[in-house]
Amino acid sequence: MGFNWILGLGYLNLLCIILMVYIATCFGGEQVRGDDGGGLNNTFVFSSFTYEKTQLRPYEWRYIRVNLPPWFCSVSIALESDVNIDLRKAKKASRSTLPIICFREGSPPLPDVHNTSQTGLVFDSISNSSFGGAEGLQIIEQCYPLQKSMSVRLTNEQIAPGMWYLGLFNGIGPVRTQSKMINRGQSYSFNGNVSVEACTTPQMSGQFCNQTVDSLSCLDSYNLPKGSSDNQTFLQMAKDVVHCRTMDNETCHEANGAKVFSLDVVGIAEKLIITVSNVSFNLAGSSNNTNKVVLSCYARHGSIPRSTLHDYSGNLSQGPLIIPTPKIGRWYVTVHPVSISSGETGISTRVCYSLEWQVLQCPMGKAGPNCTWERYMLQTVLRKNPSVAFEAYYLPITEKVSPDSANFALEPLLSNSSYGGNNDVGWTFFLVDIPSGAAGGNIHIRLLSDAKITYDIYARYGGFPSLDRWDYYYTNSTSSSNGSMFFKVYDSSEKSISFYILYVREGTWSFGLRHLNSAGSTTMSLSLERCPQKCSSHGTCQSFLDTSGLTLYSYCACDRNHGGFDCSVELVSHRGIVFCSLNNQNGVCHPAFSFTRHIWQSIALIASNAAAVLPAYWALRHKAFAEWVLYTASGISSGLYHACDVGTWCPLTFHVLQFMDFWLSFMAVVSTFVYLAAIDETSKRTIHTVVAILTALMAETGPTRSSNIALVISIGALGLLIGWLIEFFTHYRSFSGSISFHLNLFDLWLTIVAWIRNLFHTLLKRFRWGFVVAGFAALAMAAISWKLETSQTYWIWHSMWHISIYTSSFLFLCSKAKAVILEEERTSDGNYVLTRQNSFSRGDQRDNR
């Protein structure tokens, strides 16, 4: 028993050893594959969204929001669409019909805000290298023509973490937001998948999570680098200095290898200083070591820097790398020792050093190089209208201004000190926090003074602005960011300034006022609004969620005469003259139609409704008064609608006129079919009531759908069939009763054949078939005209539609002959004989008297 126990224990130990070796081999092999083959086991799928097939009609768009966490490594985007565009011909295509896809960091893209936005449109296939140099995509955007199949994988070495937005547009330009009577054109559909992969540990980074990122231990310290008088001056005023260094106090490089470090800047700071100390070199085969190796340093916000893609760079061997006013967020620093020896090969280099950096911040309420300028954090005051989300105005958190108004006086808040000894110039900063989910809103800044305004305004996301670091600025009417994307000036005079930052990014924004000593009282207001300028009083502000349902963005739905993102572009004047349209090449609004041409278009659309006189006259002559009223009202309402559509005269609102036009047109088509059945007025009124309800729903929910043509004709054919059935059961009731007594099948068959023959002859005599064929030909022409309508040729084909549809109704009305009554029905009319007999008997009685 003892031997067996010892043997069993030995087998157990052997099994454990084999299992441990197997596990070590597996994990070791996976780690090797992770380093050499891409580190697939160091990543996991952070999120994956599949978007079902979505249709984009002309001038429609969709937004897709993608969240990239700080530890993400790559994002894969795969889209499939039914678009078939030749990129070689895309440059010559009209922007109003070109489907495009746009990318923007922080907030939704808006590719048709300004004319210069066309510079962001790249006429090339999107690829993984398309974003190699894409910097600052929060103030610009990058757009590509939409392709049939698009697949791209972007890494954390190309784009920064945060919120990214994809926008898919089926045509851009001022007419995108215009209310249109007709919206014809090519529709596209797309579906796709967006997948985000992240690193399993925060200490790893790179596109394959195979790059080790060293973290620094931070503590409060005031040991700034020596030899810098500016730093010592700053130290005297500073209150918060974060000092960080490597955890092991020493970092060594082997064989010119690079190392990556990261640090989070959690607040608005004045400087970020990166230094090295205790540097030691060991170069085999060389006596002069220190002059042959330099420590190249690259810094980048949000992503790992490279020698070809970085925000700041320097040589730490010669001095510290100073980053002024660094942005909030994670910074990455790559240190790479480079040998500069000439004529020597095979040198083995070992470099060791201690890396340190300091984040310098001013005391609360102060800013600037010497912490002598004023800084104010603005508090959010929500609007009282609960139906409008993310609308608010901002006020400084100070007792110097009154909290009772959205406008606050600037003079009590201005800085008294200046920089560089110039007592006439100073800076005052205001910090604003844009909440999460409000990226579809707009920041509105206004200044109003009783004297000439002498303020320069600079805006920057995530850090303090300055003369050489800003995202947007305004100096005067001739010097501003007004030509940039997402920046729009509405008022620029000596005493008032008003501008918007469109679709502002979520997070902290800093506004710097560079001011001169001047007389006068100036007030400032800063607010977050849904639509700029309240859609210029030419439209309504609409809100919509992106596909993820996490961001609420707003847009202007303009009236018939205006367009543009803020409805400020006049497309049709009140006199009916078209001022501008989308140019085929660069999307610029320019005079497109002459007065004469527009007059002829207006005449064609309005006067073509005179074709309604044909069926109306026929109905009046044959005393079909209901049909006469219907045809007359349809022609008049269509003429009024198109008069409003071209900007001539609008007696009612555009929506009411559109509803009346389509509803009465649908009713006119259906009533023509119903009239062809010889039924009594009671049955006809019943059918008309049901048809009126159905066509009213069609005219209200989707009047311009092409499928309405087939649907209206189907309803009319159904009404005609019901009318014929009513007529059949009314005039041939005796036939159904008489056949029940025919027990002989042969007699029954002869009776049925005779009935069918009589019915066929009746139908032949009921209609004038030449008019029927002509009516269907005119109806087919109307359907073809409806199908051929586009935004450019709409006036031609829609005029043909008016003429064709009314002509077809007239021809169908003319095709109806007098009702033919079967002889059997006349001879068997017992009620008529009985009535004659009764009348004779009454006459005889009178004679007898």
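Heads up: the structure comes first, above all this text.
Just so it is clear, the structure is predicted and the values come from calculations on it, not from any experiment.

## Description of unusual backbone geometry
Among all residues except glycine, the phi angle is most often negative; among peptide bonds, the trans geometry is most common.
Move 1: Located in the positive-phi region is Tyr 59, a residue other than glycine, with phi close to 65 degrees.
Move 2: The class of Tyr 59 is buried, set by a relative accessible area of 7%.
Move 3: Backbone geometry places Cys 567, a non-glycine residue, at a positive phi of 60 degrees.
Move 4: For Cys 567, the position within the fold is in the loop between β35 (562–563) and β36 (569–570).
Move 5: Overall, the relative accessible area of 0% leaves Cys 567 in the buried class.

## A closer look at the packing of aromatic side chains
Move 1: Following the criterion strictly, the structure yields 25 aromatic pairs and no others.
Move 2: Aromatic side chains Tyr 376 and Phe 430 sit 5.8 Å apart centroid to centroid with 20 degrees between the ring planes, which places their arrangement in the stacked category. Residue Tyr 376 is found in strand β21 (residues 373–382), and its partner Phe 430 is found in strand β24 (residues 425–434); the two are separated by 54 residues along the sequence.
Move 3: The buried category is assigned to Tyr 376, whose relative accessible area is 6%.
Move 4: With relative accessibility at 0%, the residue Phe 430 sits in the buried group.

## Some remarks on helix α12 (residues 769–788)
Given 3.6 residues to a turn, an α-helix orients residues that are three or four positions apart in the same direction.
Move 1: Here α12 is 20 residues long and its end C-alpha atoms lie 29 Å apart, about the 28 Å a rise of 1.5 Å per residue gives.
Move 2: Residues of α12 that are buried: Val 772, Gly 775, Ala 778, Leu 779, Ala 782, Ser 785 and Trp 786. An end-on view of α12 places all buried positions within 145 degrees of arc, on one side of the element. Seen from the buried face of α12, the exposed residues on the opposite side, beyond 90 degrees, are Gly 770, Val 773 and Lys 787.

## Let's talk about the sheet that holds strand β8 (residues 188–199)
Move 1: One open sheet accounts for 4 strands, arranged β1-β8-β3-β6; its pairing is antiparallel. Of all strands in the sheet, those with a lone pairing partner are β1 (43–56) and β6 (149–155), marking the two edges. Ignoring which end each strand starts from, the neighbouring axes of this sheet average 10 degrees apart.
Move 2: Of the pairings in the sheet, the one linking strand β3 (residues 72–81) to β6 comprises 7 bridges and is antiparallel in character. The residue of β6 that forms the bridge with Ser 76 is Arg 153.

## Notes on the packing of helix α5 (residues 613–621) against helix α6 (residues 625–645)
Move 1: Two numbers describe how α5 lies on α6: the axes approach to 8 Å, and their chain directions differ by 160 degrees. Classified by the angle between their axes, α5 and α6 sit roughly antiparallel to one another. Crossing angle aside, the handedness with which α5 passes α6 is left-handed. Listed contacts from α6 to Pro 615, Ala 616, Ala 619 and Leu 620 of α5 are Phe 625, Glu 627, Trp 628, Tyr 631 and Thr 632.
Move 2: Taken together, the residues that form the contact of α5 with α6 break down as 7 nonpolar, 1 polar and 1 charged.

## Focus on the pairing of β24
Move 1: With respect to burial, β24 is a largely interior element, 9 of its 10 residues being buried.
Move 2: Two strands pair when backbone bridges link them, and β21 and β24 are joined in this way by 4 bridges, in the parallel orientation. Looking at β24, one finds that Arg 375 is bridged to Phe 429.
Move 3: Relative to strand β31 (residues 507–516), β24 runs antiparallel, the two sharing 10 bridges. Its bridge partner being in β31, Phe 430 is matched across the sheet by Phe 511.

## Re the pattern of salt bridges
Move 1: Taken as a whole, this structure holds 9 salt bridges when the rule is applied.
Move 2: A salt bridge links Arg 505 to Glu 105; its shortest N-O distance comes to 2.9 Å. Taken as a pair, Arg 505 in the loop between β30 (496–501) and β31 and Glu 105 in strand β4 (residues 99–105) lie far apart in primary sequence, 400 residues in all. As far as burial versus exposure is concerned, Arg 505 and Glu 105 are alike and both buried.
Move 3: Two residues, Arg 176 and Asp 112, come together in a salt bridge whose shortest N-O distance is 2.7 Å. With Arg 176 in the loop between β7 (162–170) and β8 and Asp 112 in the loop between β4 and β5 (142–145), the pair connects residues that are 64 residues apart, well separated along the chain.

## What about the state of the cysteines?
Move 1: A full pass over the atoms with the stated rule returns 7 disulfides.
Move 2: The disulfide partner of Cys 102 is Cys 143, and the gap between their sulfur atoms is 2.1 Å. Taking the sign of the S-S torsion, about 110 degrees here, the bridge from Cys 102 to Cys 143 comes out right-handed. Remark: Cys 143 occurs in strand β5 and Cys 102 occurs in strand β4; sequence separation between them is 41 residues. In this structure, Cys 102 and Cys 143 share a single accessibility class: buried.
Move 3: There is a disulfide in this structure between Cys 531 and Cys 541, and the S-S distance comes to 2.0 Å. Judged by the sign of its S-S torsion, about 80 degrees, the cystine formed by Cys 531 and Cys 541 is right-handed. With Cys 531 in the loop between β32 (522–529) and β33 (539–545) and Cys 541 in strand β33, this residue pair connects regions lying 10 residues apart in the sequence.

## Brief notes about the side chain of His 444
Move 1: Summarising the element assignment, His 444 is placed in strand β25 (residues 442–449).
Move 2: One polar contact links His 444 to Tyr 500, side chain to side chain, over a distance of 3.3 Å.
Move 3: A polar side-chain atom of His 444 sits 3.1 Å from a polar atom in the side chain of Glu 529.

## With respect to the sheet that holds β4
Move 1: What the 4 strands build is an open sheet, ordered β2-β7-β4-β5; its pairing is antiparallel. Looking along the sheet, the strands with just one partner apiece sit at the ends: β2 (61–68) and β5. Averaged over all adjacent pairs, the angle separating strand axes in this sheet is 20 degrees, with direction ignored.
Move 2: Bridging between β4 and β7 involves 7 bridges; their strand directions are antiparallel. Its bridge partner being in β7, Glu 105 is matched across the sheet by Trp 164.

## Section: the pairing of strand β18 (residues 329–339)
Move 1: When strand β13 (residues 259–265) meets β18, the two strands line up antiparallel, connected through 7 bridges. Within β18, the residue paired with Phe 261 across the bridge is Val 333.
Move 2: Looking at chain direction, strand β15 (residues 293–301) and β18 are connected through 9 bridges and run antiparallel. Opposite Cys 297, over in β18, you have Val 335 as the bridge partner.

Reading guide: rules and limits
Residues numbered from 1 in each chain as written. Predicted model: local features only at pLDDT ≥ 70, side-chain atom pairs only at ≥ 80, totals over all residues. Heavy atoms only, no water. Buried < 20%, exposed > 50% of the residue type's maximum accessible area, 1.4 Å probe, protein only. Helix = DSSP H or I, 4+ residues; strand = E, 2+ residues; numbered from the N terminus. Phe/Tyr/Trp six-rings, centres within 6.5 Å; stacked < 30°, edge-to-face > 60°. Expected span 1.5 Å × (residues − 1). Arc of directions from axis to C-beta. Pairing = 2+ DSSP bridges. Axes fitted to C-alpha atoms, helices over the stretch in contact; angles between N-to-C directions. Parallel < 35°, antiparallel > 145°, perpendicular 65-115°, else oblique. Left-handed = near helix turned anticlockwise from the far one by under 90°. Contact = heavy atoms within 4.5 Å. Nonpolar A, V, L, I, M, F, W, Y, C, P; charged D, E, K, R; others polar. Salt bridge = Lys/Arg side-chain N within 4 Å of Asp/Glu carboxyl O. Disulfide = S-S within 2.5 Å. Polar contact = N/O pair within 3.5 Å; in protein donor to acceptor, adjacent residues only side chain to side chain.

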